[in-house]
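# Chain and residue survey
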Amino acid sequence: MTWVAVARKDFTDAVRSRTLWAVGGLFVVLAVASSIMFAVLGSSSGTVSQSAGRQTMVNLILFLRAPAGWLVPITALLVGYKAIAGERESGSIKLLLSLPHERRDVMLGKVVGRTLVVASAIAGGFGAALVIGLVMYQGVAPLLFLAFVVFTVAFSTAYVSIAVGFSAVTASASRAAAGAVGTFALFNFVWSVLPNAAHLLLEGSPVPDAGQFPTWFVFVQRLSPNGAYEGTILLFQGATTLEAKLGGPVPFYLSWWFALVVLGIWIVVPSWLGYLRFRDADL
Amino acid sequence: MVAIELDGVEKRFGTVRALRGVDLTVEEGEIFGFLGPNGAGKSTTIDVLLDFVRPTAGSARVLGHDAQTESKRVRQRTGVLPEGFDVYDRLTARQHVAFVAESKGVEADVVGLLDRVGLTDAADRPAGGYSKGMAQRLALAMALVGDPDLLILDEPTSGLDPNGAREIREIIREERDRGATVFFSSHILGQVEAVCDRVAILEAGEIRTVDRVDALRDKADSEAQLTVTVEALSEGALAAAREVAGVSSVTAEDGTVSVTCSGEAKLPALNALADEGATVRDFVTEEATLEDLFVEFTAEDGATPTDDGTAASGDGAGHSSAPDREEGRI
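Just so we're clear, the structure is a prediction, and the values are computed from it rather than from any experiment.

We now examine the side chain of D105 of chain A. Structurally, D105 of chain A can be placed in helix 6 (residues 103-137). Within the structure, D105 of chain A has its side chain in polar contact with the side chain of T2 of chain A (distance 3.0 Å). If we skip the residues at most four places from it in the chain, D105 of chain A touches M1, T2, W3 and V6 of chain A together with K72 of chain B.

Below, the structure is given as structure tokens:
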């Protein structure tokens, strides 16, 4: 259980990093800017009914989700990639592991500590956005917004896990950074077009016709952390859009909770794989 | 009780054999010096004790626990000052020490510990701005948290000025007097000689000798070198010198006679030369020092100490024991 000490130390240490404050600041600025922009672009009606308020909140969430989709991974990867490789490179890991921590305590403490750092940035940014939302257009349904924050934190945890996982398999911070950059490129630019490539090969066109999207097509998209995060929005917007896209009912493996399960797998597996290498490594 | 027990420990890194079967026993309550030139395998040995690296063969037990399978229990009872470490740049000394206490689940007198290592003034400054010596002091304070049963100090005096090194030696003695075992490595003999009960000398991944410091010193004292400049020299004079009790060898070359003997045999040997007709112009005597023994044990070919007594010990760093040299003219 000494991972708590590692997590606390790591959070205290990382939270003092200027780079992280810069990224955290960027997060707040973007979230606030997005919500203001949303207010300007969005409905200008001053008085809203309960359901309209809810709809406004959903729209705000959908609006914030887009920048979060790339800013959260960048923040999480940046916060995480040096977690272990950086300590091995500098030698501070010798102080850390001369204490009675198992290497799994170090791994878990690192993932938790760094996730808390990212979660703080998310909470700060989205909290500011929520305040603006409440003030400017009386958006209600704070629980809905809280769920959105939780999903975003889960999304960030997946990326922290990937970054710390890379950080655990190598003794070089620059190699861990290369892994982080590669991961970002894969999940932000490559993965989402994989089903298109498959569809092109199978059906001769890259994009299925509207109302005829095969469920596997969407499922493959949903398997990446970004796709899974996208999948969670069904909780907010309902299934109608996806039903129209598929031309039929939404199977369970495309539901919002299944997307959360996928995120859970991305949280557990990469850091676990990294741990297996770290466990057996000579420092 | 045995604090550290290494049994045939081997470690290979690829094709490099860093440790070639190290056997070593450190008793509880002693200050044990682990000597050897840089690259001899001292840090690798310590890494095995702490489970930083896993031995290719052999086994290590620390405080009765297997160093690999029960490493956490070992580290719970051990304070470590590692070699080649770095501090957390953004955390203060106080936070470092508090982190150790939390990790070990013990109470720590943070202020008292920092005061003991002389870091009181810097206690609340981020450690990133510390000098090497200050970082070393901080790591020592961290090692002392919770009064560990065993202290493993890897090159504890590196980066410290002579005064700082003396302070560390004092702390080491205090810890031993408290009942702790202290295992500390150094490539500088003077650091070890001054404080250790026993030393092991490691060279190229093998233990060359393990002995009490005073026994080693006695051994060193028994080796003296007498160098005599002569004008006239007969075989008879050399033979007479060889007859003197305590003389182990006499050689002559270009009007210089070299005599290797015990300390007490120097003068009789000189007299023997003179009595048999050698005209002594000048002579130099040197007592071998512990330094010479160290050089002898760690020299690749096992060569005897060089005759000026100040030969480099592989790295040329820090020699505290000056050769005991007398010069005289007749």
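As a further point, take the sheet that holds strand 5 (residues 65-66) of chain B. Either a parallel or an antiparallel arrangement is found when strands of a sheet pair, and the pairing is made through backbone hydrogen bonds. Residue and element names in this part refer to chain B. The strand order across the open sheet formed by 4 strands is 2-1-4-5, and the pairing between neighbours is antiparallel. For this open sheet the edge positions go to strand 2 (16-27) and strand 5, each flanked by a neighbour on one side alone. Two elements, strand 1 (residues 2-13) and strand 4 (residues 57-62), share 5 bridges in a ladder whose sense is antiparallel. Looking across to strand 4, one finds that D7 is bridged to S59.

It is worth spelling out the interface of chain A and chain B at this point. If you look at the interface, chain A gives 32 residues, while chain B gives 28 residues. Together, K94, L95 and P100 of chain A form the three largest contributors to the area buried by chain A at its contact with chain B, with a combined 26%. Across the contact surface, chain A and chain B share 4 salt bridges. The partner of R8 of chain A in a salt bridge is E102 of chain B, and the shortest N-O contact between them spans 2.8 Å. Where chain A touches chain B, the interface holds 15 residue pairs in polar contact (both at pLDDT 80 or more). Of all the elements in the fold, those that place two or more residues in the side of chain A that touches chain B are helix 1 (3-14), helix 4 (85-90), helix 5 (92-97) and helix 6 of chain A. In terms of residue count, the dominant contributor to the side of chain A that touches chain B is helix 1 of chain A (8 residues).

Looking now at the packing of aromatic side chains. All names here are of chain A. Per the counting criterion, the structure on display carries 25 aromatic pairs over all chains. Aromatic side chains F148 and F236 sit 6.2 Å apart centroid to centroid with 85 degrees between the ring planes, which places their arrangement in the edge-to-face category. You can see F148 sitting in helix 7 (residues 142-169) and its partner F236 sitting in helix 12 (residues 234-237), a full 88 residues away along the chain. Note on accessibility: F148 and F236 belong to one class, buried. Taking the centre distance of 5.8 Å and the plane angle of 55 degrees together, the rings of F151 and F236 count as tilted.

Position of F213 of chain A among the secondary structure elements: in the loop between helix 9 (194-203) and helix 10 (215-222). For the pair F213 of chain A and L254 of chain A, spaced 41 residues apart in sequence, the C-alpha separation works out to 13 Å.

So, about the environment of F126 of chain A. Residue and element names in this part refer to chain A. Looking at the element boundaries, F126 is found in helix 6. Taking relative accessible area as the criterion, F126 reaches 3% and is therefore assigned buried. Distance from F126 to L97, taken between C-alpha atoms, is 36 Å for residues 29 residues apart in sequence.

Attention shifts here to the confidence of the model for chain B. Scored by pLDDT, chain B has a mean of 86; 90% of the residues are at 70 or more. Predicted confidence for residues 301-330 of chain B stays below pLDDT 50, and this span has 53 contacts to residues more than four positions away or in other chains.

About the criteria used
Residues numbered from 1 in each chain as written. Chains lettered and ligands numbered in written order. Predicted model: local features only at pLDDT ≥ 70, side-chain atom pairs only at ≥ 80, totals over all residues. Heavy atoms only, no water. Helix = DSSP H or I, 4+ residues; strand = E, 2+ residues; numbered from the N terminus. Polar contact = N/O pair within 3.5 Å; in protein donor to acceptor, adjacent residues only side chain to side chain. Contact = heavy atoms within 4.5 Å. Pairing = 2+ DSSP bridges. Buried area = accessible area lost by both parts, 1.4 Å probe. Salt bridge = Lys/Arg side-chain N within 4 Å of Asp/Glu carboxyl O. Phe/Tyr/Trp six-rings, centres within 6.5 Å; stacked < 30°, edge-to-face > 60°. Buried < 20%, exposed > 50% of the residue type's maximum accessible area, 1.4 Å probe, protein only. pLDDT = per-residue confidence, 0-100.

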